[in-house]
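Here is what each chain is made of, one letter per residue.
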Protein chains: 2
Amino acid sequence: MKSQESSADTSADPDQDQDQVTFSLDNFLPYRLALLSSLVSGSIQKLYASEFDISIPEWRLVAILGSDGPMTANDIRQRAAMDKVQVSRAAAKLLDAGHIRKQVDPEDKRRATLSLSDSGSKIYNQIVPIALEREAYLSSALSEKEKRDLIQLLEKLTKTAKSMTTAPPM
Amino acid sequence: MKSQESSADTSADPDQDQDQVTFSLDNFLPYRLALLSSLVSGSIQKLYASEFDISIPEWRLVAILGSDGPMTANDIRQRAAMDKVQVSRAAAKLLDAGHIRKQVDPEDKRRATLSLSDSGSKIYNQIVPIALEREAYLSSALSEKEKRDLIQLLEKLTKTAKSMTTAPPM
DNA sequence: TGCATTTAGTTGCATACGAAACTAATTAGG
DNA sequence: CCTAATTAGTTTCGTATGCAACTAAATGCA
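Residues numbered from 1 in each chain as written. Chains lettered and ligands numbered in written order. Predicted model: local features only at pLDDT ≥ 70, side-chain atom pairs only at ≥ 80, totals over all residues.

Draft legend 1. Main features of the packing of helix α3 (residues 73–80) of chain A against helix α4 (residues 84–97) of chain A. Residues and elements named next belong to chain A. Closest axis-to-axis distance for the α3/α4 pair is 9 Å, and the angle between their directions is 125°. For the element pair α3 / α4, the angle class is oblique. The two elements α3 and α4 cross, and the hand of that crossing is right-handed. Between α3, through Ala-73, Ile-76 and Arg-77, and α4, the contact on the second element is made entirely by Lys-84, Val-87, Ser-88 and Ala-91. For the contact of α3 with α4, the per-class residue count stands at 4 nonpolar, 1 polar and 2 charged. (Axes fitted to C-alpha atoms, helices over the stretch in contact; angles between N-to-C directions. Helix = DSSP H or I, 4+ residues; strand = E, 2+ residues; numbered from the N terminus. Parallel < 35°, antiparallel > 145°, perpendicular 65-115°, else oblique. Left-handed = near helix turned anticlockwise from the far one by under 90°. Contact = placed C-beta atoms within 7 Å. Nonpolar A, V, L, I, M, F, W, Y, C, P; charged D, E, K, R; others polar.)

The following block contains the structure:
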């Protein structure tokens, strides 16, 4: 594909040899995504940490168990596209803090179903409105339609990005 | 925006009626962004590491010095919204590898102008086409208009996100 | 001038991360 | 059956990260 004839930036000096490609981080999607994501995560992380002493991976577990109900660590891994180590550690911390329960499956003792404890549910119920409010504020510069469009665009990109990663072991 | 009155407020409202808000990580923007960003970065990181033995922060320095010309570490930090530690370490590695030069400003010996060496320029010229190709592939599921829209939406969000971190609403 | 403050950049330390090695339980298959 | 291969989940270990403390130079100011 012939891409990137970036618009009005270069004075299009034809002498400029062709190795000297025009490139700007500002229009480079991976960079834009990384920047935005780190800004957003950073802000959220601080909030969750200070108010609930919970990390983002831990919050993901709480969010999933809270919205989708009890499931195993492996289910969570697939559901949230998280690393299994990340799930394991988040679960360990949440268990330790008493926010989730772990029930070993008697049928298959390797598996264990995780579920929110009362304190976990409480956290879920407390965080959800705050998270939504944060998100609303974040996207307050967007119209409803723009927000839907954005999610849809991110969805498409995510699909492509998944196919780009060299067959992740799942 | 007048929002939460502080931490006490949330617990001061033990009445949990509206807490069964419909919430799903899937529609939660911060999560979608983090997921996509990590997929994209991961894929790119592997590519740069295997082909050029260079990390993403290092690549950012090369990209900026290559496209915008020589500048100080501090300029880079502002330009790329990077942490100063990150810039310092990336610069140290690139220096060590001989990809950049460092010239101390005689006027102000704290400052030093960084610039690409020949090998740095070579890397820049080699990576740029690959990066653009990657990006083109990543966004191949989007129309030109969609891609422009996306960048614009990300821009808006980034602006808001920056304001969120600089003015911590807590 | 002389000392406090600011600024550019680096380093130390404690944490987070993920790949890979590992344990324990289950299933396959000879 | 018994061993090999697979699966769920945990731990180890090297690296990356970022805050905070630090060094060194420049500036403020009295």
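Draft legend 2. Expanded view of the sheet that holds strand β2 (residues 100–104) of chain B. Read from one edge to the other, the open sheet built from 3 strands follows the order β1-β3-β2 (chain B), with strand pairing classed as antiparallel. What marks the edges here is a single partner per strand, and that holds for β1 (71–72) and β2 of chain B. (Pairing = 2+ DSSP bridges.)

Draft legend 3. The sheet that holds strand β2 (residues 100–104) of chain A, seen in detail. Residue and element names in this part refer to chain A. Strand order in the open sheet formed by 3 strands is β1-β3-β2, with antiparallel pairing between adjacent strands. Unpaired on one side and paired on the other, β1 (71–72) and β2 mark the two borders of the sheet. Two strands pair when backbone bridges link them, and β2 and strand β3 (residues 112–116) are joined in this way by 5 bridges, in the antiparallel orientation. Counted as the bridge partner of Gln-103 is Thr-113 from β3. Those strands touched by helix α2 (residues 56–68) are β1, β2 and β3, and its axis lies near 90° from that of β3.

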